[in-house]
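# Fold and geometry: a report
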Amino acid sequence: GNSVTQMEGPVTLSEEAFLTINCTYTATGYPSLFWYVQYPGEGLQLLLKATKADDKGSNKGFEATYRKETTSFHLEKGSVQVSDSAVYFCALSDETGGFKTIFGAGTRLFVKA
Amino acid sequence: DGGITQSPKYLFRKEGQNVTLSCEQNLNHDAMYWYRQDPGQGLRLIYYSQIVNDFQKGDIAEGYSVSREKKESFPLTVTSAQKNPTAFYLCASSILSGAGSIYGYTFGSGTRLTVV
């Protein structure tokens, strides 16, 4: 079945550091891939997405590239801010999963001033 | 503005009591979902619905029930059969296409349920 694996947290960085959160997936079809962000006490928000191989999703300085050859969708940001502190979830969806989205376990990011 | 509204934000349940969590969306989305999130954990799917008057069990449906009488509404009832209901509950919706939920989910702000 489909699955998503992302790096365990927490990840602690200083402000303006480079961020990478790794995400790999297993899927039988041709999934769409997503990154969601959850701030404390809130629901998840869609951060970015990519629907086919080699697509790059981007938003608010975050980027992720759909790599079919390595089945990966790593999240990157060149310079993090304290306000980026949150939990980040990688996810996939395709028709073989019955239109359900499979979420990774989440990676908590702390950014220090 | 379009979105998903969950209510209440906080809910307290006594032992043996049924409680219902509300979820309403004005996005005209086809599908709706309920997830449970425990502290420091990921999301676990409780129930989902792709069309009105139809819904399917997710991975942890035992002790929960849902209805989908209107496209906009997907209430979740936590029954007394759910032995450990304390958690953060998230409702979501999505447009469906032939390739799955390619547009992603819109989430509500959640309901925190505590057993007292």
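This write-up is about the structure you can find in this document. The structure presented is a predicted model; accordingly, all values stated were derived computationally and were not measured.

### Let's talk about a nonpolar patch on the surface
Residues and elements named next belong to chain B. A cluster of nonpolar residues, Y10, F12 and V116, forms a patch on the protein surface that exposes about 370 Å² of accessible area. Note on placement: V116 falls in the segment after β11 (111-115). Judged by relative accessible area, which is 58%, V116 ranks as exposed.

### Observations regarding the interface of chain B and chain A
Taken together, the contact between chain B and chain A spans 25 residues of the former and 21 residues of the latter. Scanning the region where chain B abuts chain A turns up three residue pairs in polar contact (both at pLDDT 80 or more). Elements with a contribution of two residues or more to the side of chain B that touches chain A: β4 (31-37), β5 (43-51) and β9 (87-94) of chain B. It is β5(B) that provides the largest number of residues to the side of chain B that touches chain A, a total of four residues. A breakdown of the residues in the side of chain B that touches chain A according to their chemical character gives 13 nonpolar, 11 polar and one charged.

### Quick look at unusual backbone geometry
Residue A:P10 is bonded to the preceding A:G9 through a cis peptide linkage, with omega at 0°. Positionally, A:P10 belongs in the loop between β1 (3-6) and β2 (11-14). Here the bond from B:S7 into B:P8 is cis, since omega is -10°, no more than 30 degrees from zero. In this structure, B:P8 sits in the loop between β1 (4-7) and β2 (10-13). Of note in this structure, A:E16 is not a glycine but carries a positive phi near 75°. By the secondary structure assignment, A:E16 is in the loop between β2 and β3 (19-21).

### Side note on the environment of A:F110
Here A:F110 shows up in strand β12 (residues 107-112). Once residues within four sequence positions are removed from consideration, A:F110 is found in contact with A:P10, A:V11, A:T12, A:L13 and A:S85.

### Some details on the packing of aromatic side chains
Under the counting rule described, the total for this entry stands at 15 aromatic pairs over all chains. Geometrically, the ring pair formed by A:Y36 and B:F107 is edge-to-face, given 5.8 Å between the ring centres and 85° between the ring planes. In this pair, A:Y36 is assigned in strand β5 (residues 32-38) and B:F107 in strand β10 (residues 106-107), connecting two distinct chains. For A:Y36, a relative accessible area of 0% corresponds to the buried category. A relative accessible area of 9% places B:F107 in the buried class. Ring geometry for B:Y105 against B:F107: centres 6.0 Å apart, planes inclined by 50°, an arrangement best described as tilted. Assessed through its relative accessible area of 2%, B:Y105 is described here as buried.

### Some points on the sheet that holds strand β8 (residues 62-65) of chain A
Residue and element names in this part refer to chain A. Spatial ordering of the open sheet is given by β3-β9-β8-β7, a layout of four strands whose pairing is antiparallel. The two strands at the open ends of the sheet, each matched to only one other strand, are β3 and β7 (56-59). Each strand of the sheet is rotated relative to its neighbour by a mean of 15°, with strand direction disregarded. Bridge count between β7 and β8: four bridges; the pairing is antiparallel. Paired with S58 across the bridge in β8 is E63.

### Some details on the sheet that holds strand β3 (residues 19-25) of chain B
All names here are of chain B. One open sheet accounts for four strands, arranged β1-β3-β8-β7; its pairing is antiparallel. On the outer flanks of this sheet lie β1 and β7 (64-66), each paired with one strand and no other. Taken over all neighbouring pairs, the strand axes of this sheet differ in orientation by 20° on average, direction set aside. Where β3 and strand β8 (residues 76-78) come together, three bridges link them in antiparallel fashion. Residue pairing in the sheet places T20 in a bridge with T77 of β8.

### Details of the pattern of salt bridges
Residue and element names in this part refer to chain B. Evaluation of the coordinates by the stated rule reveals six salt bridges over all chains. The salt bridge partner of D30 is K71, with a shortest N-O separation of 3.8 Å. In this pair, D30 sits in the loop between β3 and β4 while K71 sits in the loop between β7 and β8, placing the two residues 41 residues apart along the sequence. Exposure remark for D30: the relative accessible area of 27% places this residue in the partly exposed category. Taking the relative accessible area as the measure of exposure, K71 reaches 25% and is therefore partly exposed. Among the charged side chains, a network of salt bridges with common partners joins R36, D38 and R44.

The rules behind the values
- Residue numbers run consecutively from 1 along every chain, following the written order of its sequence.
- Note on labels: chains are lettered from A, ligands numbered from 1, in written order.
- In keeping with the model being predicted, local features are shown solely for residues with a pLDDT of at least 70 and side-chain atom pairs are shown and tallied solely at 80 or more, while totals for entire chains, interfaces and linings include all residues.
- Excluding hydrogens and water, the side-chain values take into account all heavy atoms of the structure.
- In this scheme, patches are assembled from residues that exceed 30% relative accessible area and form no salt bridge. Like charges are connected within 9 Å, while nonpolar side chains (Val, Leu, Ile, Met, Phe, Trp, Tyr) are connected within 5 Å.
- With residues, only the protein chains shown are counted as cover, and all accessible areas are computed by Shrake-Rupley using a 1.4 Å probe.
- When a carboxyl oxygen of Asp or Glu lies within 4 Å of a side-chain nitrogen of Lys or Arg, that pair is called a salt bridge.
- Per the convention used, a helix needs a DSSP run of H or I reaching at least four residues, while a strand needs a run of E reaching at least two, with both numbered from the N terminus.
- Partly exposed describes any residue whose relative accessible area lies between the buried limit of under 20% and the exposed limit of over 50%, with all areas from a 1.4 Å probe on protein chains only and scaled to the type maximum.
- Contact criterion: two residues are considered in contact whenever any of their non-hydrogen atoms come within 4.5 Å of each other.
- Whenever a nitrogen or oxygen atom comes within 3.5 Å of another N or O atom, the pair is scored as a polar contact, on the condition that within protein one atom can donate a hydrogen and the other can accept it, and that pairs from neighbouring residues in sequence are kept only if both atoms are in side chains.
- The residue classification treats Ala, Val, Leu, Ile, Met, Phe, Trp, Tyr, Cys and Pro as nonpolar and Asp, Glu, Lys and Arg as charged. All others, Gly included, are polar.
- Stacked, edge-to-face and tilted labels apply to pairs of Phe, Tyr and Trp rings (six-membered ring for Trp) whose centres lie within 6.5 Å, assigned for plane angles under 30 degrees, over 60, and everything in between, in that order.
- A pair of strands is considered paired only if DSSP assigns at least 2 bridges between the two.
- Fitted lines through C-alpha atoms give the axes, limited to the stretch in contact for helices. The angle between two N-to-C directions lies from 0 to 180 degrees.

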